[in-house]
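Residue strings, one per chain:
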Amino acid sequence: MRLFTLNTNEQEHLNSYLLAAEDGSDAVLIDPVSFNVTMLETIEKNRLYVRSILLTHPRELKMSGIGTILKIYDAKIYATYPNIHGYPTQRVQGGDLLRLGGLEIRVLPLEEYSRHAVMYAVSSFLFCGPAMSAGIVAEGGTHIERILLAEALRNQFRQVSPKTLLY
């Protein structure tokens with residue numbers, strides 16, 4: 001599997017990720033914050049085509065690049081919301097298993113963060129979205145809410161291999 005970290009937003013510490021099977025050209029884009037030249041160059045240079053966009057949380061609704069991505073690529077959006085910026089989505093929930101671009105993707109719920117939050121497990125990678133940042137539990141909410149979220153994350157991490165990398 002090929003993994004690219006894209007579009008780092010320094011102020012908000014946000015990353016987007018591009019995944020593709022080792023021998024495939026169909027790509028999966030996770031949490032695209034925006035769409036810029038660097039992202040386009042990475043996709044094109046690696047001869048990929050974005051077929052799927054996965055969103056981990058509705059706060060990602062502020063993403064400005066979805067419209068541009070959908071003008072360039074015939075991609076389907078996967079999210080817990082029925083539409084994003086007026087674009088219909090394929091609704092997902094915890095427990096779903098997606099097969100996209102030659103990849104098997106498990107959807108893990110994270111309702112302790114938000115009833116609309118999910119994480120995506122792909123091989124030895126776990127894409128946590130805004131629930132974690134650099135190994136630190138999300139800073140929003142009260143002290144009790146952060147404790148509950150930390151416990152929920154621990155429970156989810158027990159379901160994946162100890163060798164799993166968090167993104």
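Just so it is clear, the model here is predicted, and its values are computed rather than measured.

## With respect to the nonpolar core
The biggest cluster of nonpolar side chains holds 20 residues, and the ones touching the most others in it are Leu-18, Leu-29, Ile-43, Val-50 and Ile-53. Taken together, the elements giving at least two residues each to this core come down to strand E1 (2-9), strand E2 (14-20), strand E3 (26-30), helix H1 (37-45), strand E4 (49-54), helix H2 (66-72) and strand E5 (76-79). In this structure, Ile-43 is in contact with Leu-18, Phe-35, Leu-48, Val-50 and Tyr-73, ignoring residues within four places of it in sequence. Residues Tyr-17, Ala-21, Ile-105 and Tyr-120 belong to the second largest nonpolar core, which totals 18 residues.

## Description of the sheet that holds strand E14 (residues 165-166)
One open sheet holds the five strands; their spatial order is E8-E9-E10-E11-E14, and the pairing between them is mixed. Either end of the sheet is taken by a strand with one partner, and the two such strands are strand E8 (97-100) and E14. As defined by bridge partners, strand E9 (residues 103-109) adjoins strand E10 (residues 118-122) across five bridges and the pair is classed as antiparallel. Directly across from Leu-108, in E10, lies its bridge partner Met-119.

## Considerations on the pairing of E2
Among the seven residues in E2, six count as buried, and that is most of the element. Of the strand pairs in this sheet, E2 and E3 are connected by four bridges, and their pairing is antiparallel. What sits directly across from Ala-20, in E3, is Ala-27. What sits between the antiparallel neighbours E2 and E3 is a turn of five residues.

## Quick word on the pattern of salt bridges
Opposite charge on two side chains allows them to pair when their charged atoms are near. All told, the structure shown has four salt bridges when counted by the stated rule. Residue Glu-151 is joined to Arg-154 by a salt bridge in which the shortest nitrogen-to-oxygen separation is 3.2 Å. You can see Glu-151 and its partner Arg-154 sitting in helix H3 (residues 143-157), three residues apart, about one turn around the helix. Assessed through its relative accessible area of 34%, Glu-151 is described here as partly exposed. Beyond isolated ion pairs, a larger network of salt bridges with shared partners links Glu-151, Arg-154 and Arg-158.

Calculation criteria
- All residue numbers here refer to positions counted from 1 along the written sequence of the relevant chain.
- Thresholds applied to this predicted model are a pLDDT of at least 70 for local features of residues and 80 or more for the giving and counting of side-chain atom pairs; totals over whole chains, interfaces and linings are not thresholded and use all residues.
- Just so you know, side-chain values use all the structure's heavy atoms and leave hydrogens and water out.
- In this description, a nonpolar core means a group of buried Ala, Val, Leu, Ile, Met, Phe, Trp, Tyr and Cys residues linked to one another through side-chain atoms lying within 4.5 Å.
- Three labels apply to residues, based on accessible area from a 1.4 Å probe with only protein chains included: buried if under 20% of the type maximum, exposed if over 50%, partly exposed otherwise in between.
- The helix count covers DSSP runs of H or I at least four residues long, the strand count covers runs of E at least two residues long, and both are numbered beginning at the N terminus.
- Here, two residues are considered to be in contact whenever any of their heavy atoms come within 4.5 Å of each other.
- By this definition, two strands are paired if DSSP reports at least two bridges between them.
- Just to be clear on terms, a salt bridge is a Lys or Arg side-chain nitrogen sitting within 4 Å of an Asp or Glu carboxyl oxygen.

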